[in-house]
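# Descriptive structure summary
Residue strings, one per chain:
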Number of protein chains: 2
Amino acid sequence: MAAMELPFSKSEYDRRLALTRKGMEAYGLDALVVTSPAGMNWLTGYDGWSFYVDQAVIVTGDGMPYWWGRLMDANGARRTAFLDDDHILFYADRYIQADGIHPMDDLAEKLAGLALDKARIGVEMNAYYYSAAGHAALLKGLPSATIKDGSGLVDWQRVVKSDEEISFMRKAAQISNRVMTHAMEIAEPGMKKNRFVGELMKTAITGVDDIWGDYPAIMPLLPSGPDASAPHLTWSGDEFRTGEATFIEQAGCYRRYHAPLSRTVFFGKPPQYMTDAAEALVAGLNAGIEAARAGNRAGDIAAALEKELWKVGIERPNRCGYATGLAYPPDWGEHTVSIRTIDETVLKPGMTLHFMPGLWMDDWGLEITETILITENGPAEALCRVERKLFVKD
Amino acid sequence: MAAMELPFSKSEYDRRLALTRKGMEAYGLDALVVTSPAGMNWLTGYDGWSFYVDQAVIVTGDGMPYWWGRLMDANGARRTAFLDDDHILFYADRYIQADGIHPMDDLAEKLAGLALDKARIGVEMNAYYYSAAGHAALLKGLPSATIKDGSGLVDWQRVVKSDEEISFMRKAAQISNRVMTHAMEIAEPGMKKNRFVGELMKTAITGVDDIWGDYPAIMPLLPSGPDASAPHLTWSGDEFRTGEATFIEQAGCYRRYHAPLSRTVFFGKPPQYMTDAAEALVAGLNAGIEAARAGNRAGDIAAALEKELWKVGIERPNRCGYATGLAYPPDWGEHTVSIRTIDETVLKPGMTLHFMPGLWMDDWGLEITETILITENGPAEALCRVERKLFVKD
């Protein structure tokens, strides 16, 4: 059993395992190999920066799941997951980045050892850290098994958050509030962006009282001026400049749960087209949150937003949000629900989404985003509490 | 051409492209699809937190490489890479996390558009962010092409650093020095670990004068006491305690180049077995650095270390280091040279390695590590300058 305190109650992990097994039944699987770090954590509590080598959680038809990973990480599994010692399996260090052998050779042997060599086994073909080479090795090592694509199986069980999880999301949101408020206080022309990010990261990890900050799955994104036409640039040693907009996209993180929040700051007097765009964006966010009701479709949120943006002539071809919560680098999105007009997912209470209608134009950009919680009745709740507007520092 | 200043000279990028094409020739390839973010950056300068979606750099037999990625990231390529606009290819947002279609469907079309539909194309089957599902889609989309595994092709061209790169490594090392010195100043019993990490991250990103800090490819690892038996635990809101050792593994990062450095601090009077182990570890590091000479093998470094550790009865089954430098999450290792007895790589001037003989015992752990540069003559140079010892705060 875990030497460290588990984040959640045992009944919460039981709930997750039961949901996963129901999914496995629907997929026709005897076993599921979960390689996404978020899925591994969600199922067992396992937490560590070990996802740069092959590792997995194996769920079979009954009993406790198995953790499998590198020998040196077995101690991490013993300390953070609720698993008994004989459910912690490992491979020798010689498999690491070596020619001619692959850690997945060992996984194949371990699965055979669990009498799964002729079983129907699901793998996450689309997950981060499940490589094409690893897949090939697993297929080769289990010639009599039926390997099926179980991408998304666990992810979709994670969509509706439990009360315990929602309380973590609220804590993450408190960190996001603190970070963004501090950001807007200290940002000023002439400040070097790396110094600014240093302050933000310190604030995020320090957290709020006992709510200690964990590392976010994405580093702060904060391009300025023309660079803000590119959504995923990080920072440099350049200075903030008068006459430029900078969007700040970041997430507070509490025990791997994220509440992303973005705001934009302009130094000086913003041009009219930017003020207009920001107003339309806020109107779109408000309309989208109104539409984000249990029973509506995810696509309804996008449609409500687009209607407001069209009023100022902005056509936005991209999706404007996604499910968020428990995550590891490189993404705080959960790869299930997308907020885009064609997404037919019916919204349910407990879903948490990053509603993020960023505008990345030819030579400027603007982001005002919210993490929202679908409620039992009425519109969604925005978990963060930072004024929804373009911040201007004149 | 890049709107932002490129990190390196044009001749440096020419050198890299020529090396890569030589590798392609040896592998018998007409084209290479590079999906590792570090490889993409090394070849073109492209830098952004966009590796959570499919993207690649395509190298053909001659001319400028191509960047390929998501529509919204094309602006990032325009701003950070040296490529002409018609060498920036992109796919529509509808491919993102959608059922029935995959971004690699689009890559197959783009490669066909470059008349590569019958070509011999290398892919990085073992790279992060090249998924099993993406590989399957690419194979399906290019039925007449010969798709070969080109894992490591670019990585091995990166092993010997140019003078320009070494100057970046030295800057990263300056940041590492600053972070570790500050860490040893402020660490004390009763301090919450998340507050400690907040200070460290602020210091790392603030950097040293004009050497601005970039995000490290691995977050700080700093387990304490029995948790230090597990190498890859991050932090929590727990306090440092008297009578416990904490190792701090981190890397300063300058423009994606890393100089990892670890030290261990003990609060109170360390037990004799730990002092002995630390002394043996330092002796092993010194011996390994002596052995890390051009012409020797990587395995000689490991052998020199092990000899010292055996003297105090420590047998260490894991590799004790790896090539490091340009990297993105989740790893600052370059997946080429390993420091382990069986590694026959001949050391060459300009190689940079993280020599990291961590000790992870049953209920304690210790790390003292160095980033070393293989020199023309004599032993390797340790790039960081923090006293090589167990730090004790009584």
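Throughout, residues of each chain are indexed from 1 in the direction in which the sequence is written. Written order decides the labels, with chains lettered from A and ligands numbered from 1. Where local features are concerned, this predicted model is filtered to residues with pLDDT of at least 70; where side-chain atom pairs are given and counted, the filter is 80 or more; whole-chain, interface and lining totals use all residues. Excluded from the side-chain calculation are hydrogens and water; included are all heavy atoms of the structure.

### Side note on the UniProt feature "domain: Peptidase M24" (unreviewed entry) in chain A
Here is the rule: UniProt positions are given in the numbering used here, feature names are shortened, and annotations may be inferred rather than shown by experiment. Only DSSP runs of H or I covering at least 4 residues are called helices, and only runs of E covering at least 2 are called strands; the numbering of each starts at the N terminus.
Per the UniProt record, the feature "domain: Peptidase M24" (unreviewed entry) sits at residues 169-376 of chain A. Spanning residues 169-376 of chain A, this segment combines 32% helix with 21% strand, and its end C-alpha atoms are found 17 Å apart.

### A closer look at the sheet that holds strand 9 (residues 321-324) of chain A
All names here are of chain A. Keep this limit in mind: Each pair of strands is called paired provided DSSP finds at least two bridges between the two strands. Contacts: residue pairs with any heavy atoms within 4.5 Å of one another. Helix axes are fitted only over the stretch in contact, all axes being lines through C-alpha atoms; the angle between N-to-C directions runs from 0 to 180 degrees.
A sheet is described by the order of its strands in space; here 5 strands give the open sequence 10-9-11-14-15, paired in antiparallel fashion. The two strands at the open ends of the sheet, each matched to only one other strand, are strand 10 (333-338) and strand 15 (381-382). Pairing of strand 14 (residues 370-373) with strand 15 involves 2 bridges; the strand directions are antiparallel. In the sheet register, I372 faces strand 15, and the bridge partner there is A382. On the sheet, helix 7 (residues 163-186) packs against strand 9, strand 11 (352-355), strand 14 and strand 15 and is oriented at approximately 155° with respect to strand 14.

### Here's the deal with the packing of helix 7 (residues 163-186) of chain B against helix 8 (residues 193-206) of chain B
Residue and element names in this part refer to chain B. Rule in force here: By the definition adopted for this analysis, an angle is roughly parallel if under 35 degrees, roughly antiparallel if over 145, roughly perpendicular if from 65 to 115, and oblique otherwise. Left-handed describes a crossing whose near helix is turned anticlockwise from the far helix by less than a right angle; the clockwise case is right-handed.
Between helix 7 and helix 8, whose axes approach to 9 Å, the crossing angle comes to 155°. Taken together, the axis directions place helix 7 and helix 8 in an arrangement best described as roughly antiparallel. Our pair here, helix 7 against helix 8, has a crossing hand that is right-handed. Residues I175, R178, V179, H182, A183 and I186 of helix 7 form the contact with helix 8, whose own contacting residues are F196, E199, L200, T203 and A204.

### Things to note about the nonpolar core
Rules: Nine residue types can take part in a nonpolar core, namely buried Ala, Val, Leu, Ile, Met, Phe, Trp, Tyr and Cys, and a core is a set of them joined through side-chain atoms within 4.5 Å. The rule is simple: take the accessible area with a 1.4 Å probe, protein chains only, and divide by the maximum for that residue type; under 20% is buried, over 50% is exposed, in between is partly exposed.
Core analysis: the largest hydrophobic core is formed by 218 residues, its most contacted members being A:I121 and B:I121. A:I121 has contacts with A:L29, A:A31, A:V33, A:L111, A:L116, A:L142, A:A145, A:T146, A:I147 and A:K148, leaving out every residue within four places of it along the chain.

### A few points about the domain arrangement of chain A
Residue and element names in this part refer to chain A. Short version of the rule: Just so you know, the domain bounds were taken from an automatic or database domain assignment. Values labelled buried area give the accessible surface lost by two parts on being combined, using a 1.4 Å probe and summing over both. One speaks of a salt bridge when a side-chain nitrogen belonging to Lys or Arg is within 4 Å of a carboxyl oxygen belonging to Asp or Glu. Residues adjacent in sequence count toward polar contacts only when both atoms are side-chain atoms; beyond that, a polar contact is any pair of N or O atoms within 3.5 Å, and within protein one must be able to donate a hydrogen and the other to accept it. Three residue categories are used. Nonpolar comprises Ala, Val, Leu, Ile, Met, Phe, Trp, Tyr, Cys and Pro, charged comprises Asp, Glu, Lys and Arg, and polar comprises the others, including Gly.
With domains assigned, chain A is organised as domain 1 (10-157) and domain 2 (163-393). On a C-alpha basis, the centroid separation for the pair domain 1 and domain 2 is 33 Å. Each partner contributes to the interface: domain 1 provides 16 residues, whereas domain 2 provides 16 residues. Carbon and sulfur atoms make up 61% of the surface buried where domain 1 meets domain 2, a total of about 1300 Å² over both sides. Between domain 1 and domain 2 we count 2 salt bridges in total. The tally of links from domain 1 across to domain 2 stands at 8 residue pairs in polar contact (both at pLDDT 80 or more). At the level of elements, helix 1 (10-27), helix 2 (37-44) and helix 6 (153-157) are the ones that each hand at least two residues to the side of domain 1 that touches domain 2. Of all the elements, helix 2 adds the most residues to the side of domain 1 that touches domain 2, at 4 residues. Its residues assigned to classes, the side of domain 1 that touches domain 2 comprises 9 nonpolar, 2 polar and 5 charged.

### A few points about the relation of the copies chain A and chain B
We apply this condition: Copy-to-copy superposition: least squares on the C-alpha atoms, limited to residues that have pLDDT of at least 70 in both copies.
Note on the identical chains: chain A maps onto chain B by a rotation of 180° and an axial translation of 0.0 Å, with an RMSD of 0.0 Å. On this basis, the relationship between the two copies can be described by a two-fold rotation axis. Taking C-alpha positions as the reference, the residue of chain A nearest the rotation axis is A:A132, at 2.0 Å. Of the residues that chain A buries at the interface, 100% are likewise interface residues in chain B, meaning the two copies contact each other through the same surface.

### A short note on the environment of A:D209
You can see A:D209 is positioned in the loop between helix 8 (193-206) and strand 7 (245-254). For the pair formed by A:D209 and A:I175, sequence separation is 34 residues and the distance between their alpha carbons is 9.9 Å.

### Structural notes on the environment of A:Y52
Examined against the element boundaries, A:Y52 turns out to sit in the loop between helix 2 and strand 2 (56-59). A:Y52 sits in the buried class, given a relative accessible area of 11%. For the pair A:Y52 and A:A136, spaced 84 residues apart in the sequence, the C-alpha separation amounts to 18 Å. Not counting residues up to four positions away in its chain, the partners in contact with A:Y52 are A:R70, B:Y128, B:H232, B:P330 and B:D331. In this structure the side chain of A:Y52 is engaged in a polar contact, spanning 3.4 Å, whose partner is the side chain of A:R70. At 2.9 Å, the side chain of A:Y52 and the side chain of B:H232 are in polar contact.

### Details of the UniProt feature "domain: Creatinase N-terminal" (unreviewed entry) in chain A
Look at the UniProt record and you will see "domain: Creatinase N-terminal" (unreviewed entry) annotated at residues 16-160 of chain A. Along residues 16-160 of chain A the backbone is 37% helical and 17% strand, and the end-to-end C-alpha distance reaches 11 Å.

### Here we look at the packing of helix 4 (residues 103-113) of chain A against helix 5 (residues 132-141) of chain A
Residues and elements named next belong to chain A. Remark: helix 4 packs on helix 5, axes separated minimally by 8 Å, with the N-to-C direction vectors making an angle of 35°. Between helix 4 and helix 5 lies a crossing of right-handed hand. On the side of helix 4, the interface is formed by M104, D105, L107, A108 and L111, while helix 5 contributes G134, A137, L138 and G141. Grouping the constituent residues of the contact of helix 4 with helix 5 by class yields 6 nonpolar, 2 polar and 1 charged.

### Here's the deal with the sheet that holds strand 5 (residues 120-123) of chain B
Residues and elements named next belong to chain B. The 6 strands lie next to each other as 4-3-2-1-5-6, forming an open sheet whose pairing is mixed. At either margin of the open sheet sits one strand with a lone partner, and together these are strand 4 (88-91) and strand 6 (146-149). Ignoring which end each strand starts from, the neighbouring axes of this sheet average 25° apart. Sheet topology note: the strand 5/strand 6 ladder contains 4 bridges and is parallel. Along strand 6, the bridge assignment pairs I121 with I147.

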